[in-house]
Amino acid sequence: MTDYLKSVRRGEPIEMSAAAWNKLMDMARRDGERGASGTADPLLARRDRDVVLVKNVSGIDYPRWGALGLGAPVYLPRHNPPSGKQELPQDFAENLVLKGEMPIAGVHEGLFGVLLQPLKVGEIGPAVVSGTFGCVIVVQDERHRFADVYPSRPDAPTGASISGGTPLVDGDVHLRSCDHGGAEIIWKEAGLGERYAALRLAQQHRTRFRAILGLAHLLPGERFRWRYEWQEARIDADPNSETYGSYVPLDRGLSSRNKAGAQAEARMAINRYESHLSQVHPQPDDGVEGFANAGACIVPGVPESCPPEKAAVPILQPILEGVCVELVAEPDSFGNTRYAFEALNGVVFTEMEVPPQGGAVE
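Engineer: Please clarify how the overall build of the protein chain should be interpreted in this entry.
Structural biologist: Counting secondary structure elements, the protein chain contains three helices and 19 strands. Counting across all 362 residues of the protein chain, residues that qualify as buried make up 30%. Sequence separation of at least 24 residues holds for 68% of the intrachain contacts in the protein chain that already meet a minimum separation of 6. Carbon and sulfur atoms make up 53% of the accessible area of the protein chain, which totals about 23000 Å².

So this is what it looks like as structure tokens:
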């Protein structure tokens, strides 16, 4: 705490520097701006937005209103071994500075800051991370109601100026309009290309995403329930690619692998449908469980060999490897993150011997 904020007793002399006096005058002027009603003048009130400091580590100079992906703090906390408590450096505790990175697909969507001033490589400056504010976005479709970052090429032009109608180019560092993103468009100029816009930014958590399923592992003690390997996926938008228009794995996306790169059972996904499809309901009376009720054999016209010695039995199959599903991240009963999806299982009819009446299918 600074000296001029300390309390004094009655009769105690007050020593005040010029800097302290100026600080008090600034506080008094701000208080006077509130007026007799005690409420701030709307024209002088602070805007509804959160601003943090970011350091440009993207590798290119960024213009005003450019969007940088948010990374780790530049100044990290350090530990104090004797007390066992964490000691925070002044730059971390009072002026948090985050790394401003080149946006990466699957990492920075909905996790970005919009610069309030031009920022060269290695410089630190303010960026809006939430709230309502005005900036420049690249409008792709006038029907879009959201905006978000998209991957850029470091060697591409930055598109630093307002140039109405400019076609999209790789490397544009402004937010791009889309049908769903981290910033809602309140208003935007008419037309396509770089346009002024009013945005409401709320860093939303990503709980639903697309994933390609891998191998299925049968749950111990279960008949038709599996755990599935998975890899986050996106639609391939490259018209020159062999997989154009198909879902492809996202290199730096989420997956069922742990940090070491091995498949982790706790991260594998489950299919909600299999929870009830695997249940076997008991027969209400004596019969051939799982195949047919013995009462069906006394109906007139039924062959004397009823029930037959063999029958075609539907057997549930795991979801095929390579299928793309919508994965949901949700907490389990212990608060850990688990992944689930909903997909209809395939069925294979398998010829099986009918057990004797009253028996059960193994």
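So much for the structure itself; the text now carries on.
Engineer: Can you walk me through the nonpolar core in this structure?
Structural biologist: In summary, soluble globular proteins display a tendency toward joint burial of nonpolar side chains. By size, the foremost hydrophobic cluster in this structure holds 18 residues, and its most contacted members are Phe112, Val114, Phe133, Cys135, Ile137, Leu175 and Leu199. Secondary structure elements with two or more residues in this core: strand 6 (112–115), strand 7 (124–139), strand 10 (183–188) and strand 11 (193–201). For this core, the element with the highest residue contribution is strand 7, accounting for six residues. Not counting residues within four places of it along the chain, the set of residues in contact with phenylalanine 133 comprises Arg49, Val114, Val128, Ala197, Ala198, Leu199 and Leu201. Among the nonpolar cores identified, the runner-up in size contains 15 residues, and Phe209, Ala211, Ala269 and Val325 belong to it.

Engineer: Just to check I follow, could you spell out a nonpolar patch on the surface for this structure?
Structural biologist: Taken together, Ile186, Trp187 and Tyr196 make up a surface patch of nonpolar side chains, about 320 Å² in accessible area. Judged by its relative accessible area of 37%, tyrosine 196 falls in the partly exposed class.

Engineer: Explanation requested: the pairing of strand 5 (residues 97–101) in the structure shown.
Structural biologist: For a regular strand, side-chain orientation follows a simple rule: the groups alternate between the two sheet faces. Bridge count between strand 1 (residues 49–56) and strand 5: four bridges; the pairing is parallel. Note that in strand 5 the partner of lysine 55 across the bridge is lysine 99. Pairing between strand 2 (residues 67–73) and strand 5: three bridges, direction antiparallel. Paired with glycine 69 across the two strands is glutamate 101, which belongs to strand 5.

Engineer: Sorry, what's going on with the environment of glycine 110 here?
Structural biologist: Mapped onto the elements, glycine 110 comes out in the loop between strand 5 and strand 6. By relative accessible area, glycine 110 is classed as buried at 8%. In the structure, glycine 110 is positioned 91 residues away from leucine 201 in sequence and 8.7 Å away in space, judged by C-alpha atoms.

Engineer: Help me understand the side chain of serine 255 in this model?
Structural biologist: With respect to the secondary-structure elements, serine 255 resides in the loop between strand 14 (247–249) and strand 15 (269–271). Using a relative accessible area of 11% as the deciding quantity, one classes serine 255 as buried. Side-chain polar atoms of serine 255 contact the backbone nitrogen of arginine 257, separated by 3.2 Å.

Engineer: Would you mind showing me how to read the packing of aromatic side chains here?
Structural biologist: Aromatic ring pairs are reported here in terms of the distance separating the ring centres and the angle at which the planes meet. This structure, assessed with the given rule, holds five aromatic pairs. Arranged with centres 6.4 Å apart and planes meeting at 70 degrees, the rings of phenylalanine 209 and tyrosine 339 form a pair that is edge-to-face. Here the residue phenylalanine 209 occupies a position in strand 12 (residues 208–218), and tyrosine 339 occupies one in strand 18 (residues 337–341), the gap between them amounting to 130 residues. Taking the relative accessible area as the measure of exposure, phenylalanine 209 reaches 5% and is therefore buried. What makes tyrosine 339 buried here is its relative accessible area of 9%. Aromatic side chains tryptophan 230 and tyrosine 339 sit 4.8 Å apart centroid to centroid with 50 degrees between the ring planes, which places their arrangement in the tilted category. With tryptophan 230 in strand 13 (residues 226–235) and tyrosine 339 in strand 18, this pair connects stretches of sequence that are 109 residues apart. By the burial criterion, tryptophan 230 is buried, and tyrosine 339 matches it. In textbook terms, an aromatic cluster arises when at least three aromatic residues are bridged by ring pairs, as seen for Phe209, Trp230 and Tyr339.

Engineer: It is not clear to me how the pattern of salt bridges should be interpreted in this structure. Could you clarify?
Structural biologist: Oppositely charged side chains can pair when the atoms bearing their charge come close. Tallied over the entire structure, the rule returns 10 salt bridges. Arginine 208 is the salt-bridge partner of glutamate 326, the closest N and O atoms lying 3.1 Å from each other. Of this pair, glutamate 326 sits in strand 17 (residues 324–331) while arginine 208 sits in strand 12; the two residues are 118 residues apart in sequence, bridging distant segments of the chain. Taking the relative accessible area as the measure of exposure, glutamate 326 reaches 36% and is therefore partly exposed. Here the salt bridges share partners, and the residues they tie into one network are Arg208, Arg210 and Glu326.

Engineer: How should the environment of cysteine 324 be read in this particular structure?
Structural biologist: Tracing the sequence through the fold places cysteine 324 in strand 17. Along the chain, cysteine 324 and serine 246 lie 78 residues apart, while their C-alpha atoms are 9.6 Å from each other. Other than its neighbours up to four places away in sequence, cysteine 324 contacts Arg210, Ala211, Ile212 and Tyr247.

Engineer: So what exactly am I meant to see when it comes to unusual backbone geometry here?
Structural biologist: Trans peptide bonds make up most of the peptide bonds, and negative phi angles are found at most residues other than glycine. The residue tryptophan 65 is not glycine, and still its phi comes out positive at about 70 degrees. Secondary-structure assignment places tryptophan 65 in the loop between strand 1 and strand 2. By relative accessible area, which is 16% here, tryptophan 65 ends up buried.

Cut-offs used in this document
- Residues numbered from 1 in each chain as written.
- Predicted model: local features only at pLDDT ≥ 70, side-chain atom pairs only at ≥ 80, totals over all residues.
- Heavy atoms only, no water.
- Helix = DSSP H or I, 4+ residues; strand = E, 2+ residues; numbered from the N terminus.
- Buried < 20%, exposed > 50% of the residue type's maximum accessible area, 1.4 Å probe, protein only.
- Contact = heavy atoms within 4.5 Å.
- Areas by Shrake-Rupley, 256 points an atom, 1.4 Å probe, with all protein chains shown as cover.
- Core = buried A, V, L, I, M, F, W, Y, C linked by side-chain atoms within 4.5 Å.
- Patch = residues over 30% accessible without salt bridge, like charges linked within 9 Å, V, L, I, M, F, W, Y side chains within 5 Å.
- Salt bridge = Lys/Arg side-chain N within 4 Å of Asp/Glu carboxyl O.
- Pairing = 2+ DSSP bridges.
- Polar contact = N/O pair within 3.5 Å; in protein donor to acceptor, adjacent residues only side chain to side chain.
- Phe/Tyr/Trp six-rings, centres within 6.5 Å; stacked < 30°, edge-to-face > 60°.

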